[in-house]
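Listed here are the chains, written in short residue letters.
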Amino acid sequence: MGNARLQSIHVHPVKATRSLPLREAVVEPWGLAGDRRWMLIDDGGRVVTQRQQPRLALAAAELMPGGGVRLSAPGREPLTVPVPHGPGTVVVQIFRDKVEALPAADEAAHAWCSAFLGVDVRLVYLDDPATRRPVDPRYALPGETVSFADGFPLLLTTTASLDALNSLIAEGEHPDEGPLPMNRFRPNVVVSGTGPWAEDGWSRIIVGEVAFRVVKPCGRCVVTTTDQGTAGRGREPLHSLGRHRRVDGKLVFGQNLVPAGRGTVRVGDPVRIVE
């Protein structure tokens, strides 16, 4: 496995919007710096993602100095939203977790997002990722926390496993839907130079100088069937994952990571499989 390398790095400044490729990223205990610190909620305070709103694939958020974001989407003038400060947190629900977050201070941010989606949503910010949301205790060490990511600080995928999955799609019932690009799986780090599904056997890796625990496979949902360029939906990859990659009742692709240290990862870094 000596040829394994970090091929690409991706963050999603607003959860469920388009991924932003980076050449390097700072690894914080709760995820890559700038990744999923913002998200949308509905009028009941529940997270809104591409599960409910596939059009979010067409929206982009650019990181701004200080942690703010610049929103852009088809048919909308771009809008810069600064980080909110001060008291006034609201309780939001992200899947099973109830988390305190700060609403964007400018009402224009909520109006911009609502107008784009055609439903009433609000934009919120995770102001204190060190304390707000613990990692699932079934998999966490004491004190580990996570951003607004689905469940774990980082998601890793490999190019070899995507190639293998695309071969399964080509041989399956919906070959016209493949090959799929990696952005369907919305990873943070993509590794090249491994064998197909090699990541299933990892428990600890070092990327550059930063160590990570490989916690569990990532169960996939309908978001993976969403074309990130058009917001249209198909049947793959879930159909093929259901036939070939079902683990404990979940359709799996990729591995969830928890940082075991701090540092910076860079495209091209060697990836060492420790165990």
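Conventions adopted
Residues numbered from 1 in each chain as written. Predicted model: local features only at pLDDT ≥ 70, side-chain atom pairs only at ≥ 80, totals over all residues. Heavy atoms only, no water. 1 Å grid on protein atoms, 1.4 Å probe; cavity = no way out; pocket = protein on both sides within 12 Å on 5 of 7 lines; lining within 4 Å. Points joined across faces, edges and corners; volume = space filled by probe spheres on them. Helix = DSSP H or I, 4+ residues; strand = E, 2+ residues; numbered from the N terminus. Nonpolar A, V, L, I, M, F, W, Y, C, P; charged D, E, K, R; others polar. Core = buried A, V, L, I, M, F, W, Y, C linked by side-chain atoms within 4.5 Å. Buried < 20%, exposed > 50% of the residue type's maximum accessible area, 1.4 Å probe, protein only. Salt bridge = Lys/Arg side-chain N within 4 Å of Asp/Glu carboxyl O. Pairing = 2+ DSSP bridges. Axes fitted to C-alpha atoms, helices over the stretch in contact; angles between N-to-C directions. Contact = heavy atoms within 4.5 Å.

**Some thoughts on the layout of surface pockets**
At step 1: Its boundaries defined by the atoms lining it, the largest pocket holds a volume of some 1,200 Å³.
At step 2: Considering the residues around the largest pocket, the lining is formed by 43 residues, among which Asp150, Gly151, Phe152, Lys216 and Gly219 are closest to the centre.
At step 3: Those elements that place two or more of their residues in the lining of the largest pocket are strand 13 (154-158), strand 16 (210-219) and strand 18 (250-259).
At step 4: Per-element tally for the lining of the largest pocket: the top contributor is strand 16, with four residues.
At step 5: Within the lining of the largest pocket, the residues separate by chemical class into 20 nonpolar, seven polar and 16 charged.

**Section: the nonpolar core**
At step 1: Counting residues in hydrophobic clusters, the biggest one holds 25 residues, and the most contacted among them are Val14, Trp38, Leu40, Val69, Leu71, Val81 and Leu123.
At step 2: For this core, the secondary-structure elements that each account for two or more residues are strand 5 (38-41), strand 8 (69-73), strand 9 (76-81), helix 1 (107-117) and strand 12 (122-125).
At step 3: Among the elements that line this core, the one with the most residues is helix 1, at five residues.
At step 4: Counting residues in each nonpolar core, the second largest holds 21 residues, with Ile9, Ala25, Leu32 and Leu156 among its members.

**Observations concerning the pattern of salt bridges**
At step 1: A full pass over the atoms with the stated rule returns 13 salt bridges.
At step 2: Linking Asp97 and Arg133 is a salt bridge whose minimum nitrogen-to-oxygen distance equals 2.8 Å. Here Asp97 is found in strand 11 (residues 97-103), whereas its partner Arg133 is found in the loop between strand 12 and strand 13, with 36 residues between them in sequence.
At step 3: Of the residues examined, Asp97 reaches a relative accessible area of 27% and is grouped as partly exposed.
At step 4: For Arg133, a relative accessible area of 2% gives the class buried.

**Looking at the sheet that holds strand 8**
At step 1: Spatial strand order, 7-8-9: three strands in an open sheet with antiparallel pairing. Both edges of this open sheet fall to strand 7 (60-63) and strand 9, since each of them pairs with a single strand only. With strand direction ignored, the average angle separating the axes of adjacent strands in the sheet is 20 degrees.
At step 2: With four bridges connecting them, strand 7 and strand 8 associate as antiparallel partners. Along strand 8, the bridge assignment pairs Ala60 with Ser72.
At step 3: Here helix 1 sits on the sheet and contacts strand 8 and strand 9; the angle it forms with strand 9, its principal contact strand, is near 145 degrees.

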